[in-house]
Amino acid sequence: MKKMSNVYESAANTLGIFNSPCLTKVELRVACKGISDRDALSKPDPCVILKMQSHGQWFEVDRTEVIRTCINPIFSKLFTVDFYFEEVQRLRFEVHDISSNHNGLKEADFLGGMECTLGQIVSQRKLSKSLLKHGNTAGKSSITVIAEELSGNDDYVELSFSARKLDDKDFFSKSDPFLEIFRMNDDATQQLVHRTEVVMNNLNPAWKTFKVSVNSLCSGDQDRRLKCIVWDWDSNGKHDFIGEFSSTFKEMRGAMEGRQVQWECINPKYKAKKKNYKNSGIVILNQCKIHKMHSFLDYIMGGCQIQFTVAIDFTASNGDPRNSCSLHYIHPYQPNEYLKALVAVGEICQDYDSDKMFPAFGFGARIPPEYKVSHDFAINFNEDNPECAGIQGVVEAYQSCLPKLQLYGPTNIAPIIQKVAKSASEETNTKEASQYFILLILTDGVITDMADTREAIVHASHLPMSVIIVGVGNADFSDMQMLDGDDGILRSPKGEPVLRDIVQFVPFRNFKHASPAALAKSVLAEVPNQVVDYYNGKGIKPKCMSEYESSRTLAP
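An unreviewed UniProt entry annotates the chain as Copine-4 originating from Steatornis caripensis. Under the Sequence similarities (unreviewed entry) heading, UniProt states for the chain: "Belongs to the copine family." Note on the chain: under the UniProt heading Function (unreviewed entry), the record states "Probable calcium-dependent phospholipid-binding protein that may play a role in calcium-mediated intracellular processes."

Caption draft 1: Spatial organisation of helix α10 (residues 450-460). What α10 keeps buried is the set M450, T453, R454, A456, I457, V458 and A460. At its buried positions, α10 is contacted by α9 (414-428), β25 (465-471), α11 (478-483) and β26 (503-507).

Caption draft 2: Up close: the pattern of salt bridges. Taken as a whole, this structure holds 17 salt bridges when the rule is applied. Taking the shortest distance from any N to any O, the salt bridge between D45 and R68 comes out at 3.2 Å. A residue pair is termed long-range when its members are at least 10 positions apart, and D45 in the loop between β1 (24-33) and β2 (46-54) and R68 in the loop between β3 (57-63) and β4 (79-83) qualify at 23 residues. Between R63 and E60 there is a salt bridge; the shortest N-O distance is 2.9 Å. Among the residues examined, E60 registers a relative accessible area of 9% and is labelled buried. A single network of salt bridges, built from pairs that share partners, joins K51, R92, E94 and E115.

Caption draft 3: Spatial organisation of the environment of R259. Position of R259 relative to the elements: it lies in the loop between α4 (249-252) and β15 (261-264). Overall, R259 belongs to the partly exposed group, its relative accessible area being 46%. Considering only alpha carbons, one finds R259 and L285, 26 residues apart in sequence, at a separation of 8.8 Å. In this structure, R259 is in contact with G254, L285 and N286, ignoring residues within four places of it in sequence.

Caption draft 4: Highlighting the nonpolar core. In this structure, F308, F314, I379, L442 and Y535 are the most contacted members of the largest nonpolar core, which totals 57 residues. Among the elements that line this core, the one with the most residues is helix α7 (residues 337-350), at nine residues. If sequence neighbours within four positions are ignored, L442 has contacts with V310, A311, I312, D313, Y338, A341, L342, F363 and V470. In this structure, A456, I457, L463 and L483 belong to the second largest nonpolar core, which totals 31 residues.

Caption draft 5: Examining the packing of aromatic side chains more closely. In total, this model carries 14 aromatic pairs according to the counting rule given. Both rings, one in Y436 and one in Y534, keep their centres 6.4 Å apart while their planes meet at 65°; by these two values the pair is edge-to-face. Of this pair, Y436 sits in strand β24 (residues 435-443) while Y534 sits in helix α13 (residues 527-537), and the two are 98 residues apart along the sequence. Across the pair, exposure class does not vary: Y436 and Y534 are buried alike. Among the aromatic side chains, those forming a connected cluster through ring pairs are F161, F210, F245 and W263. When the ring centre of Y270 is taken as reference, the NZ or CZ atom of K274 above it lies at 4.2 Å. The ring of Y408 has R366 lying over it, and the distance from NZ or CZ to the ring centre is 3.9 Å.

Caption draft 6: Region of interest: the side chain of Q530. Secondary-structure assignment places Q530 in helix α13. Assessed through its relative accessible area of 6%, Q530 is described here as buried. From its side chain, Q530 meets the backbone oxygen of D501 in a polar contact 3.1 Å long. With residues up to four places along the chain from it excluded, the contact list for Q530 reads Y436, S466, R500, D501, I502 and V503.

Caption draft 7: View of the packing of α9 against α10. Remark: α9 packs on α10, axes separated minimally by 9 Å, with the N-to-C direction vectors making an angle of 15°. With respect to each other, α9 and α10 are oriented roughly parallel. In this structure, α9 crosses over α10, and the sense of that crossing is left-handed. Residues A414, I417, Q418 and A421 of α9 form the contact with α10, whose participating residues are D452, T453, A456, I457, H459 and A460. Here the residues of the contact of α9 with α10 are counted per class, giving six nonpolar, three polar and one charged.

Caption draft 8: Up close: the sheet that holds strand β12 (residues 210-213). Strands sit in the order β12-β9-β16-β15 across an open sheet of four strands; the sheet is antiparallel. With partners counted over all chains shown, the strands left at the sheet margins are β12 and β15, one partner each. Averaged over neighbouring strand pairs, the angle between their axes works out to 35° when direction is ignored. Inspection of the sheet shows strand β9 (residues 156-164) paired to strand β16 (residues 282-291) by nine bridges, in the antiparallel sense. Paired with E158 across the bridge in β16 is K289.

Caption draft 9: Representation of the environment of V373. Tracing the backbone through its elements, the reader meets V373 in strand β20 (residues 372-374). Classification of V373 by relative accessible area gives partly exposed; the value is 35%. Taking the C-alpha atoms as reference points, V373 and L405, 32 residues apart in sequence, are found 10.0 Å from one another. Ignoring anything within four residues of it in the chain, the contact list for V373 reads A365, R366, Y408 and G409.

Caption draft 10: Looking closely at the sheet that holds strand β23 (residues 406-407). Pairing within the open sheet is antiparallel, and its three strands lie in the order β20-β19-β23. Each edge of the open sheet carries a strand with a single partner, namely β20 and β23. Inspection of the sheet shows strand β19 (residues 365-367) paired to β23 by two bridges, in the antiparallel sense. Paired with A365 across the strands is L407, a residue of β23.

Conventions we followed
- Residues numbered from 1 in each chain as written.
- Predicted model: local features only at pLDDT ≥ 70, side-chain atom pairs only at ≥ 80, totals over all residues.
- Heavy atoms only, no water.
- UniProt positions renumbered as here; feature names shortened; annotations may be inferred.
- Buried < 20%, exposed > 50% of the residue type's maximum accessible area, 1.4 Å probe, protein only.
- Helix = DSSP H or I, 4+ residues; strand = E, 2+ residues; numbered from the N terminus.
- Contact = heavy atoms within 4.5 Å.
- Salt bridge = Lys/Arg side-chain N within 4 Å of Asp/Glu carboxyl O.
- Core = buried A, V, L, I, M, F, W, Y, C linked by side-chain atoms within 4.5 Å.
- Phe/Tyr/Trp six-rings, centres within 6.5 Å; stacked < 30°, edge-to-face > 60°.
- Lys NZ or Arg CZ within 6 Å of the ring centre and 35° of its normal.
- Polar contact = N/O pair within 3.5 Å; in protein donor to acceptor, adjacent residues only side chain to side chain.
- Axes fitted to C-alpha atoms, helices over the stretch in contact; angles between N-to-C directions.
- Parallel < 35°, antiparallel > 145°, perpendicular 65-115°, else oblique.
- Left-handed = near helix turned anticlockwise from the far one by under 90°.
- Nonpolar A, V, L, I, M, F, W, Y, C, P; charged D, E, K, R; others polar.
- Pairing = 2+ DSSP bridges.

Structure representation (structure tokens):
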């Protein structure tokens, strides 16, 4: 196996990727001014989409909420991004007019975009630029992005507000109230922290519970003044002021153990004019929960193991392995694309897996002795123990099983996702962060069981697992991009959305001339956040508080 060692060496150089110097997260807030609509009669319904550049391609990272009929939107949703000091991170902010009956971008009108680097925003803290449309300025429209570093304290707080007896501002129906919370900055400016949804036709609304980072709410200062305003929503974008009150995070913490905190909502004009004016309603904070955020390293150092499983596509479209044009051709000195992808990704995962034993499966082939098609057979042909010793063991099992298989079809990946999901769901019974599953699927083409696969992914999004799909060869992978929920939300055929985005799809051809490090970095970049999202979302703490974490928590 001497000939494989060069692939190992180049992959081994990448093992630092999870410990890269970035552990700085940055929150970006976005506002636009003077957006002109395509038809002058109505105001646009703007939404900003954040894209990042990776290997020359733009991909969507996140998007803001849609604000109806508004030419100067201030968006409530934050973008949280990792800041790598050592990399140029290109960002693109696109403003789209999203019509209410369709949330996709197909019929959305592009209103303008702005490109910059994350470094520019971070160094200036506030970056304002004109929006460009097809290379020209889009009227007088501009976009402002404000950056804030999440400094050490990335705990977040869950708040649940309601109100009663709000003033009625509508003639023919009751008010349609929503609440905005602003943080007062040291320079006397105010920053929108959160805007609730609108509760229609209700003077006693209960708004949905929401989460916000402590950093975003009060910059870590419990006594910082927060200004809260209740509005009556109007479809023309000119909302009526109902009233306001001030508070602090310290005061809000009073709603922690089942207690409530209440404020009178005051309209200063009415207060000045009317003698017997009491208030314009009461706003109630029903609960304030503080969640401690743990990092990927907290979980790993607390003893969480990454369980890595490989699934390889043995369908006939790969070509006869004896033919040098085949994607499965075993060249005496040059690993094929399947092996390159397997080694690049596997080398990194094996560092986080103490027993270094990896289950490896194949799909889409007829297997001995009866030559029936299977979509989840062990490539070592030992169904009771499909594990191979190390990535090296997987490579050897792959090479020795190839001559014994009949490549066939179709390309079904739902069975293998379900197989790993079964192990992951057994893990959920432990209620602790001890094993997180990563399934690496290597495939050459378009999958045939898309409906079942979507169903399997939606189910798996509730479990401690992530799926990485690497597309090998030159097929059209556009369907695969749909599974990677970056450009909208993946849903099962019944319409159930994924709980969290767990699929990362990468075509190997984008990395043909790059190092294995680049491929590994790209496919594994989202894994630490997926691990953290899963356990934090379930309120599961790292198993044992490591030295590392206790020093981090007690630091001033």
